[in-house]
Amino acid sequence: MNTLAASIYQPLEFLIYTSIILLIIIGVFLIKLLVDFSSLLKCSQDFIKATQAELEPTIKEIHATLININNISSNVNSQLNSINDGVRKGAKYLSEVAALVGDKAKNAGGLIKKNLLSGIYLLMSSKKNK
């Protein structure tokens, strides 16, 4: 049994030392990973702060530009509505004037026709009498 214990003792001792060395190597790499991750987070925070500092004025300018564009479009819309109302009123007035002129022209045409016919009739009858 002593020989069995002695033959198991040597591999167990090798396994213990190997495990301790591997744990130390893994610990060193884990510490290195945490340090690198910490510096990455710091760089990311700096990048976010710089980006935010650059974007805030740009966003404010875009907001002001959008407000100006909205005001301009409202003004153009109101001007187009007033032009549209003016065109409607002008078209209505022109239609009324055209109807009035048409009636007057019809009356004048009727009077001209009547007077022309009576004038021709008088001319024709004066020739017959001679």
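All values derive from a computational prediction rather than experimental measurement. (Residues numbered from 1 in each chain as written. Predicted model: local features only at pLDDT ≥ 70, side-chain atom pairs only at ≥ 80, totals over all residues. Heavy atoms only, no water.)

## Here's the deal with the overall build of the protein chain
Here's step 1: Helix and strand content of the protein chain: one helix and zero strands.
Here's step 2: Against the globule reference of 14 Å for 130 residues, the protein chain gives a C-alpha radius of gyration of 53 Å, more extended than a compact globule.
Here's step 3: Each of the 130 residues in the protein chain was classed as buried or not, and the buried ones make up 0%.
Here's step 4: Entry remark: accessible area of the protein chain is about 12200 Å², with carbon and sulfur atoms responsible for 70%.
Here's step 5: When the 14 basic and 9 acidic side-chain charges of the protein chain are each reduced to a single mean position, those positions are 42 Å apart. (Helix = DSSP H or I, 4+ residues; strand = E, 2+ residues; numbered from the N terminus. Rg over C-alpha atoms; globule rule 2.2 N^0.38 Å. Buried < 20%, exposed > 50% of the residue type's maximum accessible area, 1.4 Å probe, protein only. Areas by Shrake-Rupley, 256 points an atom, 1.4 Å probe, with all protein chains shown as cover. Lys, Arg positive; Asp, Glu negative; His and termini not counted. Charge placed at Lys NZ, Arg CZ, Asp CG, Glu CD.)

## Comments concerning the pattern of salt bridges
Two side chains of opposite charge can pair, provided their charged atoms sit close to one another.
Here's step 1: Inspection of every chain in the model, using the stated rule, returns two salt bridges.
Here's step 2: Notably, a salt bridge pairs Asp 36 with Lys 32, separated by 3.2 Å at the nearest N-O pair. Here the residue Asp 36 and the residue Lys 32 both occupy positions in helix H1 (residues 2–129), the gap between them amounting to four residues, near one helical turn.
Here's step 3: Across the salt bridge formed by Asp 85 and Arg 88, the nearest N and O atoms sit 3.4 Å from each other. With Asp 85 and Arg 88 both in helix H1 and three residues apart, this pair spans about one turn of that helix. (Salt bridge = Lys/Arg side-chain N within 4 Å of Asp/Glu carboxyl O.)

## Looking at a nonpolar patch on the surface
Here's step 1: Together, Ile 16, Tyr 17, Ile 20, Ile 24 and Val 28 give the surface a local cluster of nonpolar side chains, amounting to about 510 Å² of exposed area.
Here's step 2: Following the sequence through the fold, Ile 16 ends up in helix H1. (Patch = residues over 30% accessible without salt bridge, like charges linked within 9 Å, V, L, I, M, F, W, Y side chains within 5 Å.)

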